[in-house]
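# Coordinate analysis (summary)
What follows is the residue order along each chain.
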Amino acid sequence: MMLNLFKENVRIAVGSIRTQLLRTTLTVLIIAIGITALVGILTVVSALENTISSDFASMGSNTFNIKQYENIIGRQRGEEREIINPIISYSEAVAFKNKYNFPFSETSLSFTATSTAEVKYEANKTDPEIAVLGVDEQFMSNSGLETSLGRNFTGFDIDNNNYVCVVGSDFEKGLLKDINPIGKTISIRGARFKVIGVLKEKGSTFGNKQDLRVLIPIQLARSLFTAPNINYTMSVMVTKKELLDQAIDNATITMRNVRKLSPVKDNNFGVVRSDDLINRILGITKYLGLASWLIGIITVLGSSIALMNIMIVSVTERTREIGVRKALGAKRSTVAIQFFIETLLIGQLGGIVGIILGILIGFGIATAFSFDFVIPWVAIFAAFLTSFIVAIVSGLYPAIKAAFLDPIEALRYE
């Protein structure tokens, strides 16, 4: 009995929607716009978070870097000021590595020699967009890098300044395409390097093409790229995670001693944990999520008013129909449920359209920025819930109005 009544109400609701197709379509589109904004932004945020997490996961949570800056902005006497730290010179980097002897730790030195190198192989050459890094034998393990072909640097390679290199995965698609890159000789600034390894693909994050780079021994990089004020980075990996905080404290003291800082002076260098970097970036994405909810709520509020309006008009236009139904014995609850179902159908139609459009837009943006797309189940659930709440709120007053119409007055309505 209840099932038959529900089917009849659905049939009547669908018939009513068809008779008011233009108004219903506009209302569905208004709801869909709000849901699209909500789902689209949450989809992009989910893709961004997934990309960041996967990019930094390989580094683990047991590494930290000592570099020139930790934060660009500092505070002094309640006012913001720009912090200008001195660069970390090669002599300071070497002194730190020699003095830092914390147990279960490995320290690597590196620097970015250039980001605009041109690499040649036989008669072919790349665009001047290759990053060249000077590294030591610990750099790859400390940075979470692995080779898909070949091997990492050895201590012998670094100590003897062997002209060997490890290249990014994009070289297999470009300069060294269709050949085995291992053992081939490439040229950088006239110096010839033998390829001993190819890095696994890392992708692009925030426009930083991590697969277009060449790693070479640090001393050779220093001799080839002699720009003034080269800034070095020390990366430390602690094999026992529970000792990480102690290792950071010890490293901070060691670096302060290298720079001969008095106890009253602040650190003039930055100590950045790998997991801190992830948490900071993910913290920013939370604000994007909040913004999407705000945009969605504002738009959905407008669609709620529009949906309520169309249902009030529907009640007014069907006053005689309601009078006939009540005169024939229809209960108030039956009339109210009929209009509620109609409102729910319109709300869910808008939700479905908004979800599809939002996912498509989110997928397009994620693809354009090379983010790792994931199906945003949270966004989909939120969209269905939001459209359901919109339908309930918008349909409440019209349904009550229809249910409490006097059947005699309704039958007199023209």
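The shown structure was predicted, so the numbers you read here are calculated from the model rather than taken from an experiment.

Below, the discussion takes up the overall build of the protein. When helices and strands are counted, the protein shows 12 helices and 16 strands. Counted over contacts in the protein with a minimum sequence separation of 6, partners at least 24 positions apart contribute 77%. As displayed, the protein offers around 21,800 Å² of accessible surface, 61% of which is attributable to carbon and sulfur atoms.

Looking now at helix α11 (residues 377-403). For an α-helix, 3.6 residues make a turn, and residues three or four places apart therefore share a direction. Along its 27 residues, α11 runs 37 Å from first to last C-alpha, staying within 8% of the 39 Å computed at 1.5 Å per residue. Largest kink in α11: about 40°, centred on Gly395, with the proline Pro398 one to four residues after it.

For the rest of this paragraph, the subject is the pairing of strand β14 (residues 213-217). Of all 5 residues in β14, 5 are buried; the element is thus mostly enclosed. The sheet contact formed by strand β7 (residues 130-135) and β14 spans 5 bridges and is parallel. Of the residues in β14, the one forming a bridge with Val135 is Pro217. One ladder, built from 2 bridges, connects strand β9 (residues 164-167) with β14; its direction is antiparallel. Within the sheet, the bridge partner assigned to Val167 lies in β14 and is Val214.

The next thing to look at is the nonpolar core. In this structure, Phe64, Ile66, Phe96, Ile186 and Val214 are the most contacted members of the largest nonpolar core, which totals 48 residues. It is helix α7 (residues 244-258) that provides the largest number of residues to this core, a total of 6 residues. Residues contacting Val214, with those up to four places away along its chain left out, are Val119, Ile130, Ala131, Val132, Leu133, Cys165, Val166, Val167, Phe171 and Ile188.

This part takes up the pattern of salt bridges. A side chain of one charge can pair with a side chain of the opposite charge if their charged atoms are brought near each other. According to the stated counting rule, one finds 8 salt bridges in the structure shown. Linking Arg259 and Glu92 is a salt bridge whose minimum nitrogen-to-oxygen distance equals 3.1 Å. Placement of the pair is Arg259 in the loop between α7 and β16 (270-273) and Glu92 in helix α3 (residues 90-99), with a sequence separation of 167 residues. Per residue, the accessibility class of Arg259 equals that of Glu92, and both read buried. Note that Asp245 is salt-bridged to Arg273, the shortest N-O span being 2.8 Å. On the criterion of sequence distance, the pair formed by Asp245 in helix α7 and Arg273 in strand β16 is long-range, its members being 28 residues apart. Using a relative accessible area of 48% as the deciding quantity, one classes Asp245 as partly exposed. One network of salt bridges, in which partners are shared, links Asp170, Lys173 and Glu201.

With respect to the secondary-structure elements, Asn85 resides in the loop between β3 (79-82) and α3. Take Asn85: its relative accessible area is 8%, and that puts it in the buried class. In this structure Asn85 touches Gln68, Tyr69, Asn268 and Phe269, once residues within four positions along its chain are discounted.

Conventions and cut-offs
Here the residue numbers are simple positions, counted from 1 along each chain's written sequence. The predicted nature of this model means local features are confined to residues of pLDDT at least 70 and side-chain atom pairs, given and counted, to a pLDDT of 80 or more, with totals for whole chains, interfaces and linings taken over all residues. With hydrogens and water set aside, each side-chain value is computed from the structure's full complement of heavy atoms. Where helices and strands are cited, they refer to DSSP runs of H or I of at least four residues and of E of at least two residues respectively, numbered from the N terminus. The criterion used for residue contact is that any of the two residues' heavy atoms lie within 4.5 Å. The Shrake-Rupley method, run with a 1.4 Å probe sphere, supplies the accessible areas, and residue values consider only the shown protein chains as cover. What a helix is expected to span follows from its residue count: subtract one and scale by 1.5 Å. Bend at a residue means the angle formed by two fitted axes: the first through the 7 residues ending at that position, the second through the 7 residues beginning there. Only protein chains enter the accessibility calculation, which uses a 1.4 Å probe; a residue is then buried when its area is under 20% of its type maximum, exposed when over 50%, and partly exposed in between. Strands are labelled as partners when DSSP assigns at least two bridges between them. Among buried residues, the Ala, Val, Leu, Ile, Met, Phe, Trp, Tyr and Cys ones that are joined through side-chain atoms within 4.5 Å form a nonpolar core. By convention in these notes, a salt bridge is any Lys or Arg side-chain nitrogen within 4 Å of a carboxyl oxygen on Asp or Glu.

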